Amino acid sequence: DGDVAGLFVAALCKRIRRSVSRGDRKTVSADALTLVTSSPEETERLGRAMAAILTRGVIALRGDLASGKTCFVRGMAQEIGAPLAVHSPTFTLINEYGDARKLYHFDLYRLHGPYEVEDLGSTELFEADGLCAVEWAERADGLLPDSRMDIAFEHAGDDQRRITFVNRAILPDGWQETLLKTL
């Protein structure tokens, strides 16, 4: 099992490095990075990598239904050692994962705007110790901290997802390289 996982990671990193040299799967700017994943497993792997380099803070997830947001959070939960299966908390609105390290997973899909998010009384979790992944983050605009990671998910054909990370002063310079090395 570990050998298969190791081969998968090695193949994923090799594919990303090869495509980086071709320029078709990675775009980097000063505080942004765009990658294309080809499977839910690759999207989860990116989530694991992000949780490995960002130990606390808000990650604002934006994208259409089935664009990979929950797969990404599933990977984050795996990285912190959460024993439970991760699902989108559409009806409960917030799930908490982890023991020593916490992950708060918000799904704001059913809410209509910041006033409803504020009414939940859970915005203090945006400043909590641990990671806070917010799906449908646009519904919390104005409530999220200025220092955060914004991640946009887009369908890119078949199982491919275009995932754009925008660092809003939550990670230091060079975070893109660190993220890619963590894959």
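Everything below is about the structure shown above.
Structural notes, computed from the coordinates. Values in this document were obtained by computation on a predicted structure and should not be read as measured data. (Residues numbered from 1 in each chain as written. Predicted model: local features only at pLDDT ≥ 70, side-chain atom pairs only at ≥ 80, totals over all residues. Heavy atoms only, no water.)

1. Focus on the overall build of the protein
Tallying secondary structure elements over the protein gives five helices and eight strands in all. Buried residues in the protein amount to 49% of all 183 residues. Taking as baseline every contact in the protein between residues at least 6 positions apart, the subset at least 24 positions apart corresponds to 63%. Only carbon and sulfur atoms are counted for the fraction: they give 50% of the accessible area of the protein, which is about 9,000 Å². (Helix = DSSP H or I, 4+ residues; strand = E, 2+ residues; numbered from the N terminus. Buried < 20%, exposed > 50% of the residue type's maximum accessible area, 1.4 Å probe, protein only. Contact = heavy atoms within 4.5 Å. Areas by Shrake-Rupley, 256 points an atom, 1.4 Å probe, with all protein chains shown as cover.)

2. A short note on helix H5 (residues 175–182)
Those residues of H5 not exposed but buried are Trp175, Gln176, Leu179 and Leu180. Projected down its long axis, H5 shows its buried positions confined to an angular sector of 135°, all on one face. (Arc of directions from axis to C-beta.)

3. Describing the packing of aromatic side chains
Taken as a whole and assessed by the stated rule, the structure comprises four aromatic pairs. Between Phe72 and Phe153 the ring centres are 5.6 Å apart and the planes differ by 70°, which places this aromatic pair in the edge-to-face class. Separated by 81 residues along the polypeptide, Phe72 in helix H3 (residues 69–79) and Phe153 in strand S7 (residues 148–155) bring together distant segments of the chain. With respect to class, Phe72 is no different from Phe153; both count as buried. Aromatic pair Tyr109 and Trp136: ring centres 4.9 Å apart, planes at 55°, arrangement tilted. (Phe/Tyr/Trp six-rings, centres within 6.5 Å; stacked < 30°, edge-to-face > 60°.)

4. Structural notes on the pattern of salt bridges
The tally for this structure, following the rule as stated, stands at ten salt bridges. Arg48 is paired through a salt bridge with Glu79; the nearest N and O atoms lie 3.6 Å apart. Separated by 31 residues along the polypeptide, Arg48 in helix H2 (residues 40–53) and Glu79 in helix H3 bring together distant segments of the chain. Arg56 is paired through a salt bridge with Asp129; the nearest N and O atoms lie 3.0 Å apart. Here Asp129 lies in the loop between helix H4 (114–120) and strand S6 (131–135) and Arg56 lies in the loop between H2 and strand S3 (57–63), a separation of 73 residues in the sequence. (Salt bridge = Lys/Arg side-chain N within 4 Å of Asp/Glu carboxyl O.)

5. Comments concerning the pairing of strand S2 (residues 32–37)
The element S2 is extensively covered by neighbouring structure, given that six of its six residues are classed as buried. Side-chain alternation along S2 places Ala32, Thr34 and Val36 on one buried face and Leu33, Leu35 and Thr37 on a second face that is also buried. In terms of strand pairing, S2 meets strand S8 (residues 161–168) through six bridges, oriented antiparallel. By the bridge assignment, Val36 is partnered in S8 with Arg162. (Pairing = 2+ DSSP bridges.)

Remember that the coordinates give geometry; whether it matters functionally is a separate question.
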